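These are the residues of each chain, in order.
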Amino acid sequence: MAGSGLMLLGFVVLHLLGNLTIFLGPETLNAYAEKLRHFGLLLWVARVILLAAVAVHIWAAVVLTIENRRARPQPYQQYVPAATNPAALTMGLTGILLLSYLVYHLLHFTWGVAHPQFFGAQDALGRRDVYAMVVRSFEIPWVALLYVVGMAVLCFHLSHGMASTCQTLGLSTERTRPLFERIGGMIAGLIFLGYSAIPVAVLFRMVRP
Ligand code: HEM
């Protein structure tokens, strides 16, 4: 769970850095997207690894949940968790919501099934106009809002996931756990701000077509 989670976190950070080039204008974002496409086989290898990481992460979550249930076949009469937090208690729910977000996101920007009117446009140099696709999409308030909500769910999931990873890797002790939780929360917060800045900037016309 921790290993696949770290790989997915790596993708989330790299994807964020790539997406933030939207603030440098259409030329930079479209050139970046075009460059990625030119990686050809390497891009497909990365996609297969990413997909495998998602599959392993889900499989580990299911196995852990089953093991936890088996460890206590008789339910608690009154369940009062000793030391935990809302993010830890809702990892399953936020995981399912994230997966739903990801399916919608791929239908939107990768497969062009959701909002097909913004898909397939080309810029003056004949490249895929990713900039126009993203900006036109986020001009629709409910789409922008949906992305911000998706990012909030991602942030919530990551905030516990990172502290939990430190625990699994044996880095965390009784004394350092609160520190890792705080650092995890801060990184998750930065990721939320970075991603959400994009739909919010479009909505407030700070990034224009
Ligand atoms: C404001 C937030 C986001 C924006 C604007 C955005 C933008 C995009 C765009 C434009 C693409 C298509 C790239 C292309 O085909 O050239 C894409 C693909 C993708 N995005 Fe995002 N993204 C966002 C958030 C996320 C998040 C949070 C995740 C993961 C949880 C994610 C996962 C992916 C994946 C897996 C792909 C497919 C990559 C591939 O085709 O190889 N995105 N995104």
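Residues numbered from 1 in each chain as written. Predicted model: local features only at pLDDT ≥ 70, side-chain atom pairs only at ≥ 80, totals over all residues. Heavy atoms only, no water.

### Some words on the packing of helix H1 (residues 2-19) against helix H8 (residues 177-203)
Right, so step 1: Contact geometry of H1 with H8 gives a least axis separation of 10 Å together with a crossing angle of 40°. As summarised for this structure, H1 and H8 are arranged oblique, according to the angle between their axes. The handedness of the crossing between H1 and H8 comes out as left-handed. Facing Leu-9, Val-12, Val-13, His-15, Leu-16 and Asn-19 of H1, the residues of H8 in contact are Ile-191, Gly-194, Tyr-195 and Ile-198.
Right, so step 2: When grouped by side-chain class, the residues that make up the contact of H1 with H8 number seven nonpolar, three polar and no charged. (Axes fitted to C-alpha atoms, helices over the stretch in contact; angles between N-to-C directions. Helix = DSSP H or I, 4+ residues; strand = E, 2+ residues; numbered from the N terminus. Parallel < 35°, antiparallel > 145°, perpendicular 65-115°, else oblique. Left-handed = near helix turned anticlockwise from the far one by under 90°. Contact = heavy atoms within 4.5 Å. Nonpolar A, V, L, I, M, F, W, Y, C, P; charged D, E, K, R; others polar.)

### Some remarks on the coordination of the iron atom of the ligand
Right, so step 1: Those donors, His-15 (NE2) and His-105 (NE2), are the protein atoms that reach the iron atom of the ligand, and they lie 1.9 to 2.0 Å from it.
Right, so step 2: For the iron atom of the ligand, the six donor atoms in the first shell make angles of 88 to 179° at the metal, a pattern classed as octahedral. In this pair, His-15 is assigned in helix H1 and His-105 in helix H5 (residues 91-110), connecting sequence segments 90 residues apart.
Right, so step 3: Exposure remark for His-15: the relative accessible area of 26% places this residue in the partly exposed category. (Donors = N, O, S within 2.8 Å, 3.2 Å for Na, K, Ca; no water. Tetrahedral: all angles 85-135°; square planar, octahedral: opposite > 155°, others 65-115°. Buried < 20%, exposed > 50% of the residue type's maximum accessible area, 1.4 Å probe, protein only.)

### Describing the side chain of His-157
Right, so step 1: Mapping His-157 onto the fold places it in helix H7 (residues 141-168).
Right, so step 2: You can call His-157 buried: its relative accessible area is 14%.
Right, so step 3: The residues touching His-157, leaving out its near neighbours within four places in the chain, are His-57, Met-91, Thr-94, Gly-95 and Leu-98.

### Quick word on the site of the ligand
Right, so step 1: Around the ligand lies a shell of 21 residues, among which His-15, Arg-37, Arg-47, His-105 and Arg-128 are the nearest.
Right, so step 2: At 2.8 Å from a nitrogen atom of the ligand is found a side-chain nitrogen or oxygen belonging to His-105.
Right, so step 3: Those elements that provide at least two residues to the shell around the ligand are H1, helix H2 (26-38), H5, helix H6 (130-138), H7 and H8.
Right, so step 4: If one sorts the elements of the shell around the ligand by residue count, H5 sits on top with six residues.
Right, so step 5: The class makeup of the residues in the shell around the ligand is 14 nonpolar, four polar and three charged. (Near = heavy atom within 4 Å. Polar contact = N/O pair within 3.5 Å; in protein donor to acceptor, adjacent residues only side chain to side chain.)

### Some words on the packing of H6 against H8
Right, so step 1: Between H6 and H8, whose axes approach to 8 Å, the crossing angle comes to 70°. Between H6 and H8, the angle is such that the two are roughly perpendicular. The way H6 lies across H8 gives a crossing that is right-handed. From H6, Val-134, Val-135 and Phe-138 reach across to H8, where they touch Ile-198, Pro-199, Val-202 and Leu-203.
Right, so step 2: In the contact of H6 with H8, the residues fall into seven nonpolar, no polar and no charged.

### Focus: H5
Right, so step 1: The end-to-end C-alpha separation of H5 is 27 Å, in line with the 28 Å expected for 20 residues at 1.5 Å each.
Right, so step 2: Turning to H5, its buried residues are Met-91, Thr-94, Leu-98, Tyr-101, Tyr-104, His-105, His-108 and Phe-109. Mapping the buried residues of H5 onto a view down its axis gives an arc of 150°, with all of them on the same face.
Right, so step 3: Looking at the buried positions of H5, the neighbouring elements they touch are H1, helix H4 (86-89), H6 and H7.
Right, so step 4: Gly-112 sits one or two residues past H5 and shows a positive phi near 65°. (Expected span 1.5 Å × (residues − 1). Arc of directions from axis to C-beta.)

### A short note on the pattern of salt bridges
Right, so step 1: Tallied over the entire structure, the rule returns five salt bridges.
Right, so step 2: In this structure, Glu-27 and Arg-127 form a salt bridge, with 2.9 Å as the shortest nitrogen-oxygen distance. Highlighted residues: Glu-27 in helix H2 and Arg-127 in the loop between H5 and H6, separated in sequence by 100 residues.
Right, so step 3: Put simply, Glu-181 and Arg-177 hold a salt bridge, and the shortest N to O gap is 3.3 Å. Of this pair, Glu-181 and Arg-177 both sit in helix H8, four residues apart, which is roughly one turn of the helix.
Right, so step 4: Overlapping salt bridges bring together Glu-27, Asp-123 and Arg-127 as one network. (Salt bridge = Lys/Arg side-chain N within 4 Å of Asp/Glu carboxyl O.)

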